[in-house]
Amino acid sequence: MTNALATAIIAVSLLAAAFSAVTSFRNRPMGRGDLAGLAVLEVLLVVQAVLGFVKLGGGEGPKDSATFVGYLLAVLLIPAAGAGWGLLERSRWGPGVIVVAGLAVAVMIVRMNQIWSGTGV
Amino acid sequence: MSDTTESPATTGTGSGPGRMLVAVYAIFALAAGARAGVQIATKFSEAPVAYTLSAFAAVVYVLATVALARGGRTSRRLAVAACSVELAGVLVVGTLSLADPAAFPDATVWSGYGRGYGFVPLVLPVVGLLWLRRTARAGRG
């Protein structure tokens, strides 16, 4: 894992969650800003997946690589699914879904770092 | 369509605030499912009970997610059942895993009352059941 990228992803996911939380508090449905946050997040996650596989292929990474690969791929689903599910709801609860998605991505990235460095179980 | 401020009235279990609940359930379905998949595929013989339990938990989360998202009478019943099983599961497995750690050599989502997941597995079924009760009442009134 590259720490700079992981940090960037965590920052973007928390910013996207905060932005959508504001949208939700203002009682607005999901707008372009909310979707843009998810789009940036998704691009970063794809970059991470590619880099992750390259590094794993190069022999780096944790002993228990299956779990790491699971996270690497599963996390890609979150922003896309959040956008789709949130867009179906034309109320404040649409951006609410993005808040959940952003927080979930942040937690998953922290967990992936633990798995990569072997400090988590 | 735009003025769904606070009332869940007329809406199903999967819309309004319920949409966030379904989102959280979907993440747990994914988390439990992926975890069970990896555990069973790579090291099932190490702790068959714990891993079978992981898979069972994953199925319950998937059922709850789908049932809450769909709404309707049958789905509502299924959702109540799934949330109840989930609550019972997290309480029983949580207690057993603390009382007899040797029986659970590897963690499941429900171990230690969902400690590994910020206790969300303990809170989620309670919120789910409350939400189902609330939307049922709103639907009748």
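Residues numbered from 1 in each chain as written. Chains lettered and ligands numbered in written order. Predicted model: local features only at pLDDT ≥ 70, side-chain atom pairs only at ≥ 80, totals over all residues. Heavy atoms only, no water.

**Quick look at the pattern of salt bridges**
Throughout the structure, instances matching the rule amount to one salt bridge over all chains. For E89 of chain A, the salt bridge identified is with R19 of chain B, shortest N-O distance 2.5 Å. With E89 of chain A in the loop between α3 (65-87) and α4 (93-117) and R19 of chain B in helix α1 (residues 18-43), the pair connects residues from two separate chains. A single burial state applies to E89 of chain A and to R19 of chain B, both of which are buried. (Salt bridge = Lys/Arg side-chain N within 4 Å of Asp/Glu carboxyl O. Helix = DSSP H or I, 4+ residues; strand = E, 2+ residues; numbered from the N terminus. Buried < 20%, exposed > 50% of the residue type's maximum accessible area, 1.4 Å probe, protein only.)

**Let's talk about a nonpolar patch on the surface**
Residue and element names in this part refer to chain A. Together, V43, V47 and L51 give the surface a local cluster of nonpolar side chains, amounting to about 230 Å² of exposed area. Mapping V43 onto the fold places it in helix α2 (residues 32-57). For V43, a relative accessible area of 53% puts it in the exposed group. (Patch = residues over 30% accessible without salt bridge, like charges linked within 9 Å, V, L, I, M, F, W, Y side chains within 5 Å. Areas by Shrake-Rupley, 256 points an atom, 1.4 Å probe, with all protein chains shown as cover.)

**Regarding the confidence of the model for chain B**
Residues and elements named next belong to chain B. Per-chain confidence: chain B averages 87 in pLDDT, with 90% of residues scoring 70 or above. Highest mean pLDDT in chain B belongs to helix α3 (residues 73-99) (94); lowest belongs to helix α4 (residues 120-140) (91). Confidence over residues 1-10 falls short of pLDDT 50; this stretch has 14 contacts with residues more than four positions distant or in other chains. The ipTM value of the predicted complex is 0.91, and its pTM value is 0.90. (pLDDT = per-residue confidence, 0-100. Contact = heavy atoms within 4.5 Å.)

**Some details on the UniProt feature "transmembrane region" (unreviewed entry) in chain B**
All names here are of chain B. Per the UniProt record, "transmembrane region" (unreviewed entry) is annotated on residues 20-38, 50-69, 78-96 and 116-132. This span, residues 20-38, is 100% helix and 0% strand, and a straight line between its end C-alpha atoms measures 27 Å. Annotated as 100% helix and 0% strand, the span residues 50-69 places its first and last C-alpha atoms 28 Å apart. (UniProt positions renumbered as here; feature names shortened; annotations may be inferred.)

**Overview of the packing of helix α1 (residues 3-25) of chain A against α4 of chain A**
Residue and element names in this part refer to chain A. The interhelical angle for the contact between α1 and α4, taken along N-to-C directions, is 160°, at an axis separation of 8 Å. Relative to α4, the element α1 lies roughly antiparallel. The two elements α1 and α4 meet at a crossing, and its hand is left-handed. Of the residues in α4, those touching α1 at N3, A6, I9, I10, S13, L14, A16, A17, S20, A21, T23 and S24 are P95, G96, I98, V99, G102, L103, V105, A106, I109, V110 and N113. When the residues that make up the contact of α1 with α4 are grouped by side-chain class, the tally is 15 nonpolar, eight polar and no charged. (Axes fitted to C-alpha atoms, helices over the stretch in contact; angles between N-to-C directions. Parallel < 35°, antiparallel > 145°, perpendicular 65-115°, else oblique. Left-handed = near helix turned anticlockwise from the far one by under 90°. Nonpolar A, V, L, I, M, F, W, Y, C, P; charged D, E, K, R; others polar.)

**Observations concerning the interface of chain B and chain A**
Each partner contributes residues to the interface: chain B has 20 residues there, and chain A has 18 residues. Counting every contact that joins chain B to chain A gives one salt bridge. Sorting elements by how many residues they give to the side of chain B that touches chain A places α1 of chain B first, with ten residues. When grouped by side-chain class, the residues that make up the side of chain B that touches chain A number ten nonpolar, seven polar and three charged.

**Points about unusual backbone geometry**
All names here are of chain B. Not every positive phi belongs to a glycine, and Y113 is a case in point at roughly 60°. By the secondary structure assignment, Y113 is in the loop between α3 and α4. If you check the backbone angles, F119 has positive phi at about 60° while not being a glycine. A residue is classified by how much of its surface remains accessible, and F119, at 38% relative accessible area, is partly exposed.

**Some thoughts on the UniProt feature "transmembrane region" (unreviewed entry) in chain A**
Residue and element names in this part refer to chain A. Here, the residues flagged by UniProt with the feature "transmembrane region" (unreviewed entry) are residues 36-56, 68-87 and 93-110. Structurally, residues 36-56 is divided into 100% helix and 0% strand, and its ends, taken at the C-alpha atoms, are 30 Å apart. The straight-line gap between the two end C-alpha atoms of residues 68-87 is 30 Å; of that span, 100% is helix and 0% is strand.

**Examining the packing of aromatic side chains**
Residue and element names in this part refer to chain B. A complete count under the given rule lists six aromatic pairs over all chains for this structure. When the centroid spacing of 6.2 Å and the interplanar angle of 50° are considered together, the rings of Y25 and Y61 count as tilted. Remark: Y61 occurs in helix α2 (residues 48-70) and Y25 occurs in helix α1; sequence separation between them is 36 residues. Classification of Y25 as buried rests on a relative accessible area of 0%. (Phe/Tyr/Trp six-rings, centres within 6.5 Å; stacked < 30°, edge-to-face > 60°.)

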